[in-house]
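Residue-level structure breakdown
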Amino acid sequence: MSQPEWPTVDLDRTRPSGQEWPERPTPEAPRRRRRRWLAMVAVALVCALLAFATVTTVAARRTLAGVALPVPATTSQAPTTAPPSSTPPQPKPIYMLADHPLLASGITLPDSTCTLPPFRRDTAGLTAYYQAFVGCMSTTWQPVLQARGLPFEAPHLNLSEHPGETGCGNPDSDPELGEFTAMYCPADTTLYLPVDRLTKVDRGRASSHLAVLAHEYSHHVQQLSGLLWAAAEEADRVGDDTPEANQVTRRSELQANCFAGLFLAAAAGRGSITRTLASQAVGEFRNGALPETHGTAAHQAAWAKKGYQQRTTAACNTWAAPASEVG
């Protein structure tokens, strides 16, 4: 059976009434989308404090091989209709952008108390710090996604400087990935946060690490909800290496900044994250300027601050924002 055609995603597309979105297909991504969404933005460590990066891919096609077994003979006539299933429908991502239900009015994150170990810059210390912070983000985002009928699973965490083969390629051999500082790979739902590289750009501040983690985790939220896939489809539709595709990338990245600010606001003043630390982490986004793909320093800071101050997912709807607000 041939794969169903995947519908083109428009920025203002609404979900047809009474229809369910099909499950995401899993063919190999076109080469042009691979270049756009797998390419890492390389930034010299001496030129920027943070280099936020996202990696988007489509899981490789998995072929299921097997045999068809004959139906056992019975003495009674088979029913003409199948009995109703008692299994509740499983949550599925929704592949929309501006009209995504996660961005509806009034959705907030619950107050979150993150209990983190003391911040230390050695590998063991950062590993414990990252694990605790990622766990706290998962605890906070899970009920928000599930309340909207969206799936949830915690991301994996990889802190290796040379992770080897990942679901998005091998950073050591794939020139499109290059010397990434941090990345999220949706194909294996993993946050790749090489400790050795991050400690070279953090200036000894815990706030830098919180900003990177919150940003990359926000890409995981986009992946679970369907926003990340919809953005990849839109970038492919407008054409690779075009100003329009760059704008799609910026909208996705700036939304991740805003989601990061949203979480930091939920955690500010509770547990290990003081209001001062949360505010400093939000301020770190002004140091991540990559104008073509991530936005200017002003735009990066503005969207992180917007999530932090307004505290609703609707405030993070970069897809409905005018072009002037996404650089």
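Residues numbered from 1 in each chain as written. Predicted model: local features only at pLDDT ≥ 70, side-chain atom pairs only at ≥ 80, totals over all residues. Heavy atoms only, no water.

1. Observations regarding the pattern of salt bridges
- By the definition in use, this model includes five salt bridges.
- When the shortest N-O distance is used, the salt bridge between Arg120 and Asp122 registers 2.8 Å.
- Classification of Asp122 by relative accessible area gives partly exposed; the value is 35%.
- Of the charged contacts, one joins Glu234 and Arg237 as a salt bridge, the two residues approaching to 2.8 Å between their closest N and O atoms. Placement of both Glu234 and Arg237 in helix 5 (residues 227–238) is noted, with a separation of three residues, approximately one turn of the helix.
- Given a relative accessible area of 3%, Glu234 falls into the buried group. (Salt bridge = Lys/Arg side-chain N within 4 Å of Asp/Glu carboxyl O. Buried < 20%, exposed > 50% of the residue type's maximum accessible area, 1.4 Å probe, protein only. Helix = DSSP H or I, 4+ residues; strand = E, 2+ residues; numbered from the N terminus.)

2. Comments concerning the confidence of the model for the protein
- Residues with a pLDDT of 70 or more make up 72% of the protein, whose mean pLDDT is 78.
- For residues 1–80, every residue scores under 50 in pLDDT, and the model assigns this stretch 167 contacts once sequence neighbours within four places are set aside. (pLDDT = per-residue confidence, 0-100. Contact = heavy atoms within 4.5 Å.)

3. Some words on the environment of Gln223
- When you line up the elements, Gln223 lands in helix 4 (residues 206–225).
- A relative accessible area of 12% places Gln223 in the buried class.

4. Some thoughts on the state of the cysteines
- Tallied over the full model, the rule gives three disulfides.
- Between the sulfur atoms of Cys114 and its disulfide partner Cys136 the distance amounts to 2.0 Å. A torsion of -85 degrees about the S-S bond marks the disulfide between Cys114 and Cys136 as left-handed. On the criterion of sequence distance, the pair formed by Cys114 in the loop between helix 1 (31–38) and helix 2 (123–147) and Cys136 in helix 2 is long-range, its members being 22 residues apart.
- The class for Cys136 is buried, based on a relative accessible area of 8%.
- Disulfide pairing is shown between Cys168 and Cys185; the S-S distance is 2.0 Å. Negative torsions about the S-S bond denote left-handed disulfides, and the value of about 95 degrees found for Cys168 with Cys185 makes this one right-handed. Taken together, the positions of Cys168 in the loop between strand 1 (156–158) and strand 2 (183–185) and Cys185 in strand 2 put the pair 17 residues apart, joining distant regions of the chain. This pair shows no difference in class: Cys168 is buried, exactly as Cys185 is.
- Disulfide partners in the protein, listed by the sequence order of the bonded cysteines, are 1-2, 3-4, 5-6. (Disulfide = S-S within 2.5 Å.)

5. Overview of helix 2
- In a regular helix each residue adds 1.5 Å, so 25 residues correspond to 36 Å; helix 2 covers 36 Å between its end C-alpha atoms and thus fits that length.
- Trp141 marks the point of greatest bend in helix 2, at about 30 degrees, and the proline Pro143 comes within the next four residues.
- Capping of helix 2 at its N-terminal end is provided by Asp122; its side-chain oxygen lies 3.3 Å from the backbone amide nitrogen of Ala124.
- After helix 2 finishes, the residue Gly149 shows a positive phi value of roughly 70 degrees. (Expected span 1.5 Å × (residues − 1). Bend = angle between axes of the 7 residues up to and from the residue. Polar contact = N/O pair within 3.5 Å; in protein donor to acceptor, adjacent residues only side chain to side chain.)

6. Observations concerning the sheet that holds strand 2
- Taken in spatial order, the three strands line up as 1-3-2 in an open sheet, and their pairing is mixed. Edge positions in the open sheet fall to strand 1 and strand 2, since each of these has one partner strand only. Within this sheet the neighbouring strands show an average axis-to-axis angle of 25 degrees, counted without direction.
- Sheet topology note: the strand 1/strand 3 (residues 190–192) ladder contains three bridges and is parallel. Looking at strand 3, one finds that Leu157 is bridged to Leu191. (Pairing = 2+ DSSP bridges. Axes fitted to C-alpha atoms, helices over the stretch in contact; angles between N-to-C directions.)

7. Observations concerning the side chain of Thr293
- With respect to the element layout, Thr293 can be found in the loop between helix 7 (275–283) and helix 8 (297–310).
- On the basis of relative accessible area, Thr293 is assigned to the buried category, the value being 11%.
- At 2.8 Å, the side chain of Thr293 forms a polar contact with the side chain of His294.

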